[in-house]
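Descriptive analysis of the structure
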Amino acid sequence: MERILTIFLIGISFGSILFLLSAGLSLTMGLMRIVNLAHGAIFMVGAYVGLAVTNITGHFTIGLLGGAVAAGLVGLIMEAGFLRRLYKQESGQVLLTIGFIYIIMNVVQWIWGAKPLSGIVPGSLSAVIGIGDFYFPVFRFFMIGFGLLMAVLLWLFQDKTKVGATIRAGMDNRQVATALGINLKRLFTAVFALGSFVAGLCGLLGAPLMGINLQVGWDALLLAMIVVIVGGTGSVQGTLLGAMIIGLVDAFGKAYFPDIAYFAIYVALILILLFRPSGLLGRPFSIQKTAEEMTQSVTLSAKMPLSIPAATGLRKPGARQRLYRLAPFIGAACVLIMLGPLLPSFYLGMLTKVLIYAIFAISLDLMMGYGGLTSMGHAAFLGVAGYTVGILAVKEGIGLFWVLLPAGIVVAALISAIIGYICLRVSGTYFLLVTIAFGQLLAIVATKWYKVTGGTDGLVGIKRPDLGIPGFNLGPIGFYFLVFIALVVCFAVLYRIVTSAYGRALVGVRENEPRMRSLGYNTWRLKYVAIIISGTVAGVAGVFLAYYYGAMVPSTLAIEMSTAGMLMVILGGPGTLFGPFIGAIVVVLGENISLTYVPDRWPLILGGIFILCVMLLRGGFAPYLSRLYQRFRPEPARITDLGGVPDLGEVPDLRES
Amino acid sequence: MLELQNVETFYGERQALFGVSLAVPKGAVVGMLGRNGMGKTTIIRTIMGINPPRRGSVRLNGREIAGLEPDRIARLGIGFVPQGRGIFPSLSVKENLTIAERRNEDGTGWTLEKVYDAFPILKKRQRQYGNLLSGGEQQMLSIARALMTNPDTLLMDEPSEGLAPMVVNDISVIIRELKASHSVLLAEQHMNMALAVADYIYIINKGTVVHESSPEELSNNVDICRRFLGVC
Amino acid sequence: MQTAVLRTENLSKSFGGLDVLSGITFSAGENENVAIIGPNGAGKTTFFNVLGGQLPATSGRIFLVGQEVTKLPPDRRLHLGLARSYQINNLFFTLSLLDNMLLALYGAEHSHLHLLRSLYGRRDYAEEARRMLELMELWDKRFEIVAALSYGDQRLVEIALSLATKPKVVLLDEPTAGLPTSEALGFAAKIRRLTTDITLVFCAHDMDLVFNLADRIAVLYFGEILCEGTPGEISCNAKVQEIYLGQGSKGAAGNA
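Residues numbered from 1 in each chain as written. Chains lettered and ligands numbered in written order. Predicted model: local features only at pLDDT ≥ 70, side-chain atom pairs only at ≥ 80, totals over all residues. Heavy atoms only, no water.

The subject of this paragraph is the overall build of chain C. If you tally the helices and strands in chain C, you get ten helices and ten strands. Computed over its C-alpha atoms, the radius of gyration of chain C comes to 19 Å, within 12% of the 18 Å expected for a compact globule of 256 residues. Counting only C-alpha atoms, chain C reaches 65 × 40 × 35 Å along its principal axes. For chain C, the residues scored as buried account for 60% of the 256 residues in total. (Helix = DSSP H or I, 4+ residues; strand = E, 2+ residues; numbered from the N terminus. Rg over C-alpha atoms; globule rule 2.2 N^0.38 Å. Buried < 20%, exposed > 50% of the residue type's maximum accessible area, 1.4 Å probe, protein only.)

Below is the structure:
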């Protein structure tokens, strides 16, 4: 009995912290219809600043407030300085917040270092209450009390005050609210800052449970996201319910099923998504636009001179045209082939890594750029393939490349078929959130399933591919060429797919899914196939990454890997294939250069690039490069005899659109 | 005085208004009649700034308001009674009114008490949530909510839509009473109601004004009515 | 009596207790052009969405050439010969005009996983795309992205996409929405040309179009079919005039 009560109280106290953490996220999701992925990072700011202020002033309460104010300020700057400029571009806003995660985390690391700090429990709260056999720390009671107090205050604020009513009006109907004279932009900023303030408030308070370290930004984001999805967005009661459920599931899971407790909350999340995607309480979260808004935004984006294919109105491509179109690829391939034997081994290694990441990036581009399925868990596919190679090579002693490569690819395909099936139950921003959850779920499996995966130590000792040719050992140059061949094959396959009828149909789904359905397409199947192909190709990258590092560690599955892939796609130009390839070059080289000159500041630069890309370079590099190249377009030869072939004019280049 | 001159509005590339000019003098009720889909709602959304015009001018008391944000236009003195009423379902009746509240500088004008006096039914229902009201009550709430902003001009988009004839009468009485203190631009499909309350009528067809006259004149002009409002 | 190509039996749709369509029994015969008219909120667009499969019916049944399609998703209905267009241009704006047409043509196929075949590889589709684009006088603009076309051309493409697969029935929702009067009539002629051997069900507010194109008119009012008849019958119908002009109008309705 005491044991159950204790577990219950542990769950409730954790739930209280989760509530404070998630309240702001729920508010901004309900009102602004965007997911602030940097919410966890803002929570982290609250924890670090709160601890610093406590240490300086010696007062815990001032520390709490200090952390909250700092977090609120970060939120204020984010919203007023950046998010506001992307008004009505929800997906851009979401991507922007990823950039802020990197920046905030790196600045925190810059100031306080990478070593985890420990939270503090003020002396007055450090006692333990004991009644009979039952003992429980006072600090936990304080968390519960404080959490409930804040819940009541927030509820009163949202349900009983005029500002709260205004917020609800904004959630109900933005257009009418604005037309009654309510300045929604100001309201957005205020709510965003308030949500950040509350998250910051619990940074220090929750530190004994959550820790104060650099990982906590991601952990807090995932927890808050799960709470909000379970509870429903936009209502205090929903968030409280979700927080308590997750807190209790976590506490009881850890007490009774310690081995699988880490999965319990993910299982709860997946169940909710499958059966009640709008959450238990609260309003359905949707960024789906009305048809009218869609036409408007589409015409807006189409006006940007990025994606207009060259319309020369000429005949089928002649030899020169074909050469012109292939020339950049042939050129790039020649350069890569020549660089192989020429480069010193350090740079050759770097270039090998570029090519592996390029495979990863172009695979993501099929989903994200062509299919419009923005995934933040793509590293999962790469990771499982890598782990398959690692497990077979290290644990089972299988060395033959011709076994390991297909094994990795098949496992990646299987996993993507399973994950894709569940993820496609939801769309839009929820799709993004579920992919994050799955990515994280697999990362946890890799960490916890020590016997098979080697836990945090990972699997070490994967040797270079054994091609099974007697007397032939693959050196660094040979490995480089093997990766090069893999990239060429993957690129060719994907290129063929995106220029095929299927590829066009996939773009059609991205552009206008309802219309595709009424034109007779089973759009679900189109998307599902895209995810499986994309996951399979990511598996190829995973196999080579395992060989490249000679080891597999859980971080290859983690969210940072996925966001790096996203950045390559966005930077290079989604929906262009060669763009993400360039993105991979820029990101990998950038990382290496920054590691040489400003070690430790790479995430800061990465975050900055992310933000610049989203705000200024919506189409990535690719359209600029391709326009530059089009200046060299040759005069095509005229063809008069078409030999019964229907004359469609010159077949246009399909890569950009 | 609200004035539109040669207003052209587009939805994306689609042109919805083709040079609309009309005027709502101070203290007048001006009716816009026309079949649905002809541009009445677009005119109201254009004035409100929700779909700003691409060409032409919209002036409120001599001041150009085309291109301003909707909330700014509302604060300059335009009250909005949207089509479908636009009641906030998760707000109580009272909250629906108070969030719109904006006092005149001299303290005169509509207050919650005065609105309750004018619409006693809303006072009775003040704790109920907006979506639990009947259609007629919702329409009254929508009008009352617009009054709470103390506008000098009210834009009403099809207040009779979906209401029983009795209730339409009640709404007509309210609009006539408002004439004393406000100018009203009324979009309607319900010809009799518009003829009963308006001082002047514009007929809108396919995004242009095709006829304007006093209500008396219009009710004697069977041909115009049939051509632009009826089925033939 | 002609054979019914599209037929509904007691079709109803309600949203959370609110009946938008109540018990609609309707049919359209072979090659017939039927107009659906009615005031705002009468349920025209909902009717089309239920017919097209974009919304599920609450009760009642829908038959297409004798086969029941009530529970089928839109893509299956298309394969059985039912296509539709939208009130607001609902196109693939960043793709070229030709790609839009070819996508619509490929939609007729049951499997869309032509992973390795080029969109331009099917000769029959290419020829059909050319024929339709020439019919619409848009062949010269085939490589332009659709967003760059004029609104009127986009409107035409909107309708052409739904006709590409040679359906038995096509539902056109406000085909001339947003077109200036001067263009609307020529547009109606083009629609006529494109739908010669297709059953056409359309709704419109533009009475010129309705009377120009329809063989038969059905008046939808508060979710029910108030009356049906030839254009001549409808324009003399006192009840219809009453709806459009307001109750007890002494002018038009009485004297007609």
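Our focus in this paragraph is the overall build of chain A. From N to C terminus, chain A includes 27 helices and four strands. Seen through its C-alpha atoms, chain A measures out along the principal axes to roughly 95 × 70 × 45 Å. Just so you have it, chain A exposes about 25400 Å², and 68% of that area is on carbon and sulfur atoms. Of the side chains in chain A, 44 bear a positive and 26 a negative charge, and the two mean positions are spaced by 5 Å. (Areas by Shrake-Rupley, 256 points an atom, 1.4 Å probe, with all protein chains shown as cover. Lys, Arg positive; Asp, Glu negative; His and termini not counted. Charge placed at Lys NZ, Arg CZ, Asp CG, Glu CD.)

Here the focus is the nonpolar core. Within the largest apolar cluster, 322 residues are counted, with the highest numbers of intra-cluster contacts made by L37 and F544 of chain A together with F202 of chain C. Residue contributions to this core peak at 17 residues, all from helix α15 (residues 345-370) of chain A. In this view, F544 of chain A contacts I356, F401, L405, F479, L482, V483 and A486 of chain A; residues no more than four positions away in its chain are not counted. (Core = buried A, V, L, I, M, F, W, Y, C linked by side-chain atoms within 4.5 Å. Contact = heavy atoms within 4.5 Å.)

This part is about the packing of aromatic side chains. Each aromatic ring pair is specified by the distance between its two centres and by the angle formed by the two planes. Residue and element names in this part refer to chain A. Scanning the entire structure with this criterion turns up 26 aromatic pairs over all chains. Summarising the aromatic geometry, the rings of F252 and Y256 are spaced 6.2 Å apart at their centres and angled 5° between planes, so their arrangement reads as stacked. Of the two residues, F252 and Y256 both sit in helix α11 (residues 236-256), four residues apart, roughly one turn of that helix. Residue F252 is classed as partly exposed on the basis of its relative accessible area, which comes to 25%. Between the aromatic rings of F479 and Y547, the centroid separation amounts to 6.4 Å while the plane-to-plane angle is 70°, which identifies the pairing as edge-to-face. (Phe/Tyr/Trp six-rings, centres within 6.5 Å; stacked < 30°, edge-to-face > 60°.)

An α-helix turns once per 3.6 residues; consequently, residues spaced three or four apart project the same way. For helix α10 (residues 216-231) of chain A, spanning 16 residues, the distance from its first C-alpha to its last is 22 Å, which sits close to the expected 22 Å at 1.5 Å a residue. When you tally the buried positions in α10 of chain A, you get 15 out of 16 residues, the bulk of the element. (Expected span 1.5 Å × (residues − 1).)

Turning our attention to helix α21 (residues 501-511) of chain A. Summarising burial for α21 of chain A: ten of the eleven residues are buried, a large majority. Of all the positions in α21 of chain A, only A501, Y502, G503, R504, A505, L506, V507, G508, V509 and E511 of chain A are classed as buried. Looking at the buried positions of α21 of chain A, the neighbouring elements they touch are α15, α20 (476-498), α22 (513-518) and α23 (523-549) of chain A together with α3 (97-106) of chain C. Taking the backbone nitrogen of Y502 of chain A as reference, a side-chain oxygen 3.2 Å away marks S500 of chain A as the first, capping residue of α21 of chain A. (Polar contact = N/O pair within 3.5 Å; in protein donor to acceptor, adjacent residues only side chain to side chain.)

Moving on, we come to the domain arrangement of chain C. Residue and element names in this part refer to chain C. Domain parsing of chain C yields domain 1 (1-81 + 167-256) and domain 2 (91-166). Taking only C-alpha atoms into account, the centre of domain 1 sits 26 Å from that of domain 2. Taken together, the contacts link 21 residues of domain 1 with 18 residues of domain 2. Surface buried jointly by domain 1 and domain 2 totals about 1500 Å² across both partners, of which 68% is contributed by carbon and sulfur atoms. If you sort the residues of domain 1 by the area they bury against domain 2, H79, P167 and L194 come out on top, with a joint share of 38%. Remark: the boundary between domain 1 and domain 2 carries one salt bridge. With a shortest N-O distance of 3.7 Å, R193 and E137 are connected by a salt bridge. On the surface where domain 1 and domain 2 come into contact, there are six residue pairs in polar contact (both at pLDDT 80 or more). The set of elements that each furnish at least two residues to the side of domain 1 that touches domain 2 consists of α2 (74-79), β7 (169-173) and α6 (181-194). In terms of residue count, the dominant contributor to the side of domain 1 that touches domain 2 is α6 (six residues). Looking at the side of domain 1 that touches domain 2 residue by residue, the class counts come to eleven nonpolar, four polar and six charged. (Domains from an automatic or database assignment. Buried area = accessible area lost by both parts, 1.4 Å probe. Salt bridge = Lys/Arg side-chain N within 4 Å of Asp/Glu carboxyl O. Nonpolar A, V, L, I, M, F, W, Y, C, P; charged D, E, K, R; others polar.)

This part covers the sheet that holds strand β9 (residues 216-221) of chain C. Residues and elements named next belong to chain C. Taken together, the six strands give an open sheet; going across it, the order is β6-β7-β8-β3-β9-β10, and neighbouring strands pair in mixed fashion. Two strands bound the open sheet, and with one partner strand each, they are β6 (82-84) and β10 (224-229). Strand after strand, the sheet turns through a mean of 20° between neighbouring axes, direction not considered. Helix α1 (residues 44-52) rests against β3 (33-37), β6, β7, β8 (199-203) and β9 of the sheet, and its axis sits at about 150° to β7. Against the sheet, helix α5 (residues 151-163) contacts β6 and β7, and its axis sits at roughly 155° relative to β7. (Pairing = 2+ DSSP bridges. Axes fitted to C-alpha atoms, helices over the stretch in contact; angles between N-to-C directions.)

Here the focus is the environment of L185 of chain B. Residues and elements named next belong to chain B. Looking at the element boundaries, L185 is found in strand β8 (residues 183-188). The spacing of L185 and L155 is 30 residues in sequence and 4.9 Å in space, taken between C-alpha atoms. Setting aside anything within four residues of it in sequence, one finds L185 in contact with L22, V24, V30, M32, I47, L154, L155 and M156.

What follows covers the interface of chain A and chain B. Of the residues lining the interface, 22 residues belong to chain A; the matching set on chain B comes to 27 residues. For chain A, the biggest contributors to the area lost against chain B are K162, A179 and L180 of chain A; these three give 28% of the whole. At the junction of chain A with chain B, the criterion picks out one salt bridge. Between E95 of chain B and R168 of chain A there is a salt bridge, with the nearest N and O atoms lying 2.7 Å from each other. Linking chain A with chain B are eight residue pairs in polar contact (both at pLDDT 80 or more). In terms of residue count, helix α6 (residues 162-172) of chain A provides more of the side of chain A that touches chain B than any other element does, six residues in total. Classifying every residue of the side of chain A that touches chain B gives seven nonpolar, eight polar and seven charged.

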